[in-house]
Amino acid sequence: MQHKGAALKFVILIGFVSLCADATYEGARSITGAYLQVLGASGTVVGLVAGFGELIGYGLRLFIGYLSDQSKKYWGITTLGFILNTAVVPLLAFAGRWEVAAGLMMAERTGKAVRTPPRDALLSYAVSQVGNGFGFGLHEAMDQIGAVIGPLSVAAVVYFQGEYKNGFLILVVPAVLGLIVLLVGQRVYPNPRDFEPGNITSSEGLPKVFWYYLIAVAIVAAGYVDFPLIAYHFQKNNVASGLTIPLFYALAMGVDAIAALLFGYLFDLFGISTLAIAAFTSAFFAPLLFLDSTNLVLLGVIVWGIGMGAQESIVKAAVAKIVPPDIRATAYGIFSTGYGIAWFLGSALMGILYDKSINWLVGFSVVSQLIAVPMFIWIKAEDKKFRNTRDTSK
């Protein structure tokens, strides 16, 4: 019981650090699409910048995950990533050209790439005590509380100050607070690996079901529109103003937090097939957001947030279930790389489609989500067969 209580406290501590980081960079992301539009960027540029930033943010994790497992310096690499992830955000206030803003956005994504695989590995050890779905769902919920606070803070500053750049400056506060708590956490919990009992090794490497799962999630990622393009659409078509766009994003992040807890609970009950429910539900955000000027936009933002909540929580919980502890950071790195490549290609394509035909953009997004639904159901069956085979061979 004591072990479980300590593990829960560790999840909450890491969740608070992520809350502060999300308040910082999600606060910025709530207005970067509109900010790029004001600085003169086109829809294609916004799609490419958002997608390429994700490509960097996810692609670099391949190396970082392997390095983390080999060096075992999970805490040190995590700290370095958090510093870079949050330190560049306030500098966006001084970007006078879209090219400069784009570079800073990519630097922020690089920091997130550095800190995510080792942090997820650290979390995976603790959630084994409290439930994989619940643990990652709780972390994501706290993550998204920060993602609500950040955009709301930015919206308030933009309202009272009237300029996007002042919204970026306020975000230095959560950035500093999160780093302080992170440094304290390292002293209190120097060896989180001790939370997970047993000595399961990876003598056979990553199981086949891991690769099947990666393909299915990559298809979902390819068709998921990044918020900067949504914000660009709102700004261009006067669906929302510079003040209300961050509020829409804050709403989406609030829904994300609730969805993460709900889907985390469902994951612990039903496993990977829970993702089929999430993919089917989120398939309809694109027509709601892009094919109606105002009436259904609110519902579209809610549905978009539901899908994000599932992707950011139970997607990671499934990896922790499938992969042995000693190569889990490597697995998260590989998984993130595939996810990021799919996200980049999908974002770039949807940015181009936006400038050509919104109907094509919507069709691509919807079909991608729906294709993944039967795949997740099949993967659950394959995972069950793999576990039965492994247990029989022991």
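A few points on the structure. None of these values were measured; they are calculated from a predicted model.

1. Let's talk about the overall build of the chain
Right, on to step 1. Within the chain one finds 16 helices and zero strands.
Right, on to step 2. On C-alpha atoms alone, the chain measures out to a radius of gyration of 20 Å, which is about the 21 Å that the 2.2 N^0.38 rule sets for 394 residues.
Right, on to step 3. Expressed as a percentage of its 394 residues, the buried residues of the chain come to 60%.
Right, on to step 4. Of the contacts formed within the chain by residues at least 6 apart in sequence, a portion of 87% connects residues at least 24 apart.

2. Describing the packing of helix 9 (residues 208–222) against helix 14 (residues 297–322)
Right, on to step 1. One way to put it is that helix 9 packs onto helix 14 with a least axis distance of 10 Å and a crossing angle of 170°. Judged on the interaxial angle alone, helix 14 and helix 9 are roughly antiparallel. Across the interface between the two elements, Val 209, Phe 210, Tyr 213, Val 217 and Val 220 from helix 9 touch Gln 311, Ile 314, Val 315, Ala 318, Val 319 and Ile 322 from helix 14.
Right, on to step 2. Of the residues contributing to the contact of helix 9 with helix 14, the split by class is ten nonpolar, one polar and no charged.

3. Focus on the nonpolar core
Right, on to step 1. The biggest cluster of nonpolar side chains holds 124 residues, and the ones touching the most others in it are Phe 210, Tyr 213, Phe 234, Leu 289, Trp 304, Leu 361 and Phe 376.
Right, on to step 2. Every residue in contact with Leu 361, bar those within four places of it in the chain, is listed here: Val 225, Leu 229, Phe 290, Met 350, Leu 353 and Tyr 354.

4. Things to note about the packing of aromatic side chains
Right, on to step 1. As enumerated under the stated definition, the model contains 19 aromatic pairs in all.
Right, on to step 2. Here Tyr 212 and Trp 378 contribute two aromatic rings whose centre-to-centre distance is 5.1 Å and whose plane-to-plane angle is 50°, an arrangement assigned as tilted. Placement of Tyr 212 in helix 9 and of Trp 378 in helix 16 (residues 358–393) is noted, with a sequence separation of 166 residues between them.
Right, on to step 3. A ring pair is formed by Phe 227 and Trp 304, whose centres lie 5.6 Å apart and whose planes are at 55°; its orientation type is tilted. In this pair, Phe 227 is assigned in helix 10 (residues 227–236) and Trp 304 in helix 14, connecting sequence segments 77 residues apart.
Right, on to step 4. Judged by its relative accessible area of 2%, Phe 227 is buried.
Right, on to step 5. Of the residues examined, Trp 304 reaches a relative accessible area of 3% and is grouped as buried.
Right, on to step 6. Aromatic rings pair up to connect Tyr 224, Phe 227, Phe 285, Trp 304, Tyr 339 and Trp 343 into one cluster.
Right, on to step 7. A cation sits over an aromatic face here: Arg 193 above Tyr 125, 5.2 Å from the ring centre.

5. Some points on empty space enclosed by the protein
Over the atoms, a rolled probe matching the size of one water molecule traces out where space is still vacant.
Right, on to step 1. Here the structure, examined in full by the defined rule, presents seven cavities of 30 Å³ or more.
Right, on to step 2. Taken as a whole, the largest cavity encloses approximately 170 Å³ of empty space.
Right, on to step 3. Lining the largest cavity are 20 residues, and of these Glu 26, Arg 29, Lys 112, Met 308 and Glu 312 lie nearest its centre.
Right, on to step 4. Of all the secondary structure elements, the ones that give two or more residues to the lining of the largest cavity are helix 1 (2–38), helix 2 (43–59), helix 5 (98–130), helix 6 (132–161), helix 11 (244–270), helix 14 and helix 15 (328–356).
Right, on to step 5. The biggest single contributor to the lining of the largest cavity is helix 1, with four residues.
Right, on to step 6. Along the lines of polarity and charge, the residues of the lining of the largest cavity split into eight nonpolar, one polar and eleven charged.

6. Things to note about the pattern of salt bridges
Right, on to step 1. Summed over the entire model, instances satisfying the criterion amount to six salt bridges.
Right, on to step 2. We note a salt bridge from Arg 29 to Asp 226, for which the minimum N-O separation is 3.4 Å. Linking Arg 29 in helix 1 with Asp 226 in the loop between helix 9 and helix 10, this pair joins segments that are 197 residues apart in sequence. The same class applies to Arg 29 as to Asp 226, namely buried.
Right, on to step 3. Lys 316 is the partner of Asp 120 in a salt bridge, and the nearest nitrogen-oxygen pair spans 3.6 Å. You can see Asp 120 sitting in helix 5 and its partner Lys 316 sitting in helix 14, a full 196 residues away along the chain. Grouping residues by exposure puts Asp 120 and Lys 316 together as buried.
Right, on to step 4. The network of salt bridges with shared partners includes Glu 26, Arg 29 and Asp 226.

7. Details of the packing of helix 3 (residues 61–71) against helix 5
Right, on to step 1. Orientation of helix 3 relative to helix 5, taken along the N-to-C sense of each, is 40°, at an axis distance of 8 Å. In terms of their interaxial angle, helix 3 and helix 5 are classed as oblique. Crossing of helix 3 against helix 5: the hand is right-handed. In this structure, helix 3 uses Arg 61, Ile 64, Gly 65 and Ser 68 to contact helix 5, whose residues at the interface are Lys 112, Ala 113, Val 114, Thr 116, Pro 117 and Pro 118.
Right, on to step 2. A class-by-class count of the residues in the contact of helix 3 with helix 5 yields five nonpolar, three polar and two charged.

8. Focus on a nonpolar patch on the surface
Right, on to step 1. A cluster of nonpolar residues, Ile 170, Val 172, Val 173, Val 176, Ile 180, Val 184 and Val 188, forms a patch on the protein surface that exposes about 570 Å² of accessible area.
Right, on to step 2. Here Val 172 shows up in helix 8 (residues 172–188).

9. Side note on helix 11
Right, on to step 1. Counted at 1.5 Å a residue, the expected span for helix 11 with its 27 residues is 39 Å, and the 38 Å between its end C-alpha atoms agrees.
Right, on to step 2. Where helix 11 ends, the next residue or the one after it, Gly 271, has phi of about 75°, a positive value.

10. Brief notes about unusual backbone geometry
Right, on to step 1. With phi around 65°, Lys 72 is a residue other than glycine that occupies positive phi space.
Right, on to step 2. Structurally, Lys 72 is set in the loop between helix 3 and helix 4 (74–87).
Right, on to step 3. In this structure Lys 72 comes out as partly exposed when scored by relative accessible area, which is 48%.

Here is what the cut-offs are and how they apply
- Residues numbered from 1 in each chain as written.
- Predicted model: local features only at pLDDT ≥ 70, side-chain atom pairs only at ≥ 80, totals over all residues.
- Heavy atoms only, no water.
- Helix = DSSP H or I, 4+ residues; strand = E, 2+ residues; numbered from the N terminus.
- Rg over C-alpha atoms; globule rule 2.2 N^0.38 Å.
- Buried < 20%, exposed > 50% of the residue type's maximum accessible area, 1.4 Å probe, protein only.
- Contact = heavy atoms within 4.5 Å.
- Axes fitted to C-alpha atoms, helices over the stretch in contact; angles between N-to-C directions.
- Parallel < 35°, antiparallel > 145°, perpendicular 65-115°, else oblique.
- Nonpolar A, V, L, I, M, F, W, Y, C, P; charged D, E, K, R; others polar.
- Core = buried A, V, L, I, M, F, W, Y, C linked by side-chain atoms within 4.5 Å.
- Phe/Tyr/Trp six-rings, centres within 6.5 Å; stacked < 30°, edge-to-face > 60°.
- Lys NZ or Arg CZ within 6 Å of the ring centre and 35° of its normal.
- 1 Å grid on protein atoms, 1.4 Å probe; cavity = no way out; pocket = protein on both sides within 12 Å on 5 of 7 lines; lining within 4 Å.
- Points joined across faces, edges and corners; volume = space filled by probe spheres on them.
- Salt bridge = Lys/Arg side-chain N within 4 Å of Asp/Glu carboxyl O.
- Left-handed = near helix turned anticlockwise from the far one by under 90°.
- Patch = residues over 30% accessible without salt bridge, like charges linked within 9 Å, V, L, I, M, F, W, Y side chains within 5 Å.
- Areas by Shrake-Rupley, 256 points an atom, 1.4 Å probe, with all protein chains shown as cover.
- Expected span 1.5 Å × (residues − 1).

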